[in-house]
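Descriptive analysis of the structure
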Amino acid sequence: MERFLRPLLIGSEIYRGSTYGPKHPLAIPRVSTTLDLIRALGWLDEDRYIDSPMASVEELQRFHDPDYLAALRRAEASQEVPAEDRERFGIGANGNPVYREVFRRPATSAGGVMLAARLTARDGGAIHVPGGGTHHGQRARASGFCYVNDAVLGLLTWLDEGLERVLYLDIDAHHGDGVEMAFAEEPRVTTLSIHEAGRWPFTGGTHLSPHALNLAVPQGFNDSEMRVLLQGVVLPLIERLRPEAIMLQCGADALEEDPLARLSLSNNAHAEFVGAVCRAAPRFLMLGGGGYNPWTVARCWARNWGVLNGHAIPDRLPPAAEAVLRGLTFNRAAGRNPPEHWSTTLADAPREGLVRPEISAMAGLPSPLGAVA
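We now turn to the structure provided with this report. All of these numbers come straight from a predicted model, not from anything done at the bench.

**Looking at the pattern of salt bridges**
Pairs can form between side chains of opposite charge whenever their charged atoms are close. All told, the structure shown has 25 salt bridges when counted by the stated rule. For R122, the salt bridge goes to D123, with nearest N and O atoms at 2.9 Å. Residue classification places D123 among the partly exposed positions, given a relative accessible area of 25%. With its nearest N and O atoms 3.0 Å apart, the salt bridge here joins E352 to R227. With a gap of 125 residues between them, E352 in the loop between α14 (341-344) and α15 (357-363) and R227 in helix α9 (residues 223-241) connect regions that are remote in the sequence. Overall, the relative accessible area of 37% leaves E352 in the partly exposed class. We classify R227 as buried; its relative accessible area is 9%. Taken together, the shared-partner salt bridges connect E256, E257, R299, D348 and R351 into one network.

**Remarks on the pairing of strand β1 (residues 8-11)**
On β1, burial covers both faces: L8 and I10 on one face and L9 and G11 on the other are all buried. As paired strands, β1 and strand β3 (residues 125-129) are joined by two bridges and run parallel to one another. Each bridged residue has a counterpart across the sheet, and for L8 the counterpart in β3 is I127. Two strands pair when backbone bridges link them, and β1 and strand β2 (residues 49-51) are joined in this way by three bridges, in the parallel orientation. Note that in β2 the partner of G11 across the bridge is D51. Each parallel crossover has a hand, and for β1 linked through helix α2 (residues 31-40) to β2 it is right-handed.

**Quick word on the packing of aromatic side chains**
For the coordinates displayed, the defined rule picks out seven aromatic pairs. Relative to F89, the ring of Y68 has its centre 5.7 Å away and its plane inclined at 55°; by these criteria the two rings are tilted. In this pair, Y68 is assigned in helix α4 (residues 66-78) and F89 in helix α5 (residues 83-89), connecting sequence segments 21 residues apart. With a relative accessible area of 0%, Y68 lands in the buried category. Judged by its relative accessible area of 2%, F89 is buried. Members of the aromatic cluster, each reached through a chain of ring pairs, are Y20, Y99 and Y147. When the ring centre of Y49 is taken as origin, the NZ or CZ atom of R39, which lies over that ring, is 4.6 Å away.

**Observations concerning the nonpolar core**
If you look at the biggest cluster of nonpolar residues, it comprises 67 residues, and the most contacted ones within it are I194, L229 and F273. One finds L26, F89, I91 and A116 within the second-largest nonpolar core, a separate group that totals 52 residues.

**Observations concerning the pairing of strand β4 (residues 166-170)**
Put simply, side chains in a regular strand alternate between the two faces of the sheet. With five of its five residues buried, β4 lies for the most part within the structure. Side-chain alternation along β4 places V166, Y168 and D170 on one buried face and L167 and L169 on a second face that is also buried. Across five bridges, β4 lies against strand β5 (residues 189-196) in parallel orientation. Counted as the bridge partner of D170 is S193 from β5. Of the crossover connections in this fold, the one passing from β4 over helix α8 (residues 177-182) to the parallel β5 is right-handed. Pairing of β4 with strand β8 (residues 245-249), which is carried by five bridges, proceeds in the parallel orientation. By the bridge assignment, L169 is partnered in β8 with L248.

Rules used in this analysis
- Residues numbered from 1 in each chain as written.
- Predicted model: local features only at pLDDT ≥ 70, side-chain atom pairs only at ≥ 80, totals over all residues.
- Heavy atoms only, no water.
- Salt bridge = Lys/Arg side-chain N within 4 Å of Asp/Glu carboxyl O.
- Buried < 20%, exposed > 50% of the residue type's maximum accessible area, 1.4 Å probe, protein only.
- Helix = DSSP H or I, 4+ residues; strand = E, 2+ residues; numbered from the N terminus.
- Pairing = 2+ DSSP bridges.
- Right-handed = clockwise from strand over helix to strand, strands pointing away.
- Phe/Tyr/Trp six-rings, centres within 6.5 Å; stacked < 30°, edge-to-face > 60°.
- Lys NZ or Arg CZ within 6 Å of the ring centre and 35° of its normal.
- Core = buried A, V, L, I, M, F, W, Y, C linked by side-chain atoms within 4.5 Å.

Here's what the structure looks like:
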């Protein structure tokens with residue numbers, strides 16, 4: 001299919017300058033930097049870029065509670081939250097602040113993912129929506145920096161379009177709890193989440209069931225261990241399920257430099273995962289997700305777009321791309337003196353290592369193993 005050979009990218013300028021507040025982990029630019037980096041690499045023909053629509057209230061109600069959406073719109077309009085709404089809906093509490101675009105920004109993410117689902121349902125193909133991936137959002141409550149669950153809405157769109165076998169994959173450092181719960185009783189959707197054990201939201205212990213698979217990995221999870229799970233669990237699942245569509249949430253917080261997790265992947269693991277699954281079904285959606293180091297997020301998501309398009313990764317970034325990354329700031333210790341390679345390269349150094357017994361057990365392999373090539 002033409003769209004399969006020429007992936008599309010859905011983005012928006014609403015993310016540029018949008019922030020959850022100066023001290024919040026999402027004070028950093030992520031989607032805007034990713035788009036700037038992709039363009040600076042010369043990897044985006046403008047006829048393959050779609051400006052994301054903002055989902056309507058009616059579209060959001062396909063999953064979300066009307067009273068919750070009304071409270072979210074009130075919060076954006078007034079820039080404050082009554083105590084009753086804060087308690088009932090989690091808006092303005094627990095890391096989910098009121099900010100300038102607190103309704104419009106998540107509604108735009110949802111609109112982009114739902115549009116991508118409609119386009120692929122009809123024509124097949126692959127679409128990248130880096131603003132998507134808000135996998136913690138609940139039906140009537142903000143959770144984990146997520147106000148609207150765009151992944152759920154995209155999956156529901158596929159079902160509404162008549163698809164019968166859909167696979168959701170999640171490689172964010174945090175368990176994709178909102179998506180799993182939304183489809184707990186829906187046999188047409190299978191969810192698989194690979195995430196750090198014992199980290200918020202403290203759900204998703206290792207469990208394999210017919211439609212919800214969780215692989216809770218230990219701290220220090222490395223590229224070799226991800227490859228074992230990709231080859232031993234993910235690809236066999238795809239072969240067995242033969243999905244009509246795959247959605248991949250590519251949270252970049254499992255990378256070693258991320259401040260909110262303790263996993264040790266390089267972006268090579270992301271690239272290998274994307275390359276292995278992006279053509280394993282007639283329809284493929286690639287979302288963003290977590291990630292709280294602006295350099296590593298942008299480099300990872302831009303590289304994933306490159307993989308989707310078959311681009312060669314340069315040993316050193318061209319000057320325009322380097323300038324995008326050198327223009328970033330980060331108000332954490334790592335940002336005061338960022339390593340040179342964060343601004344000059346796209347590919348990380350590999351982080352191979354020992355495959356620990358618990359990882360081998362998840363994949364049903366003999367243990368222990370060395371690095372898996």
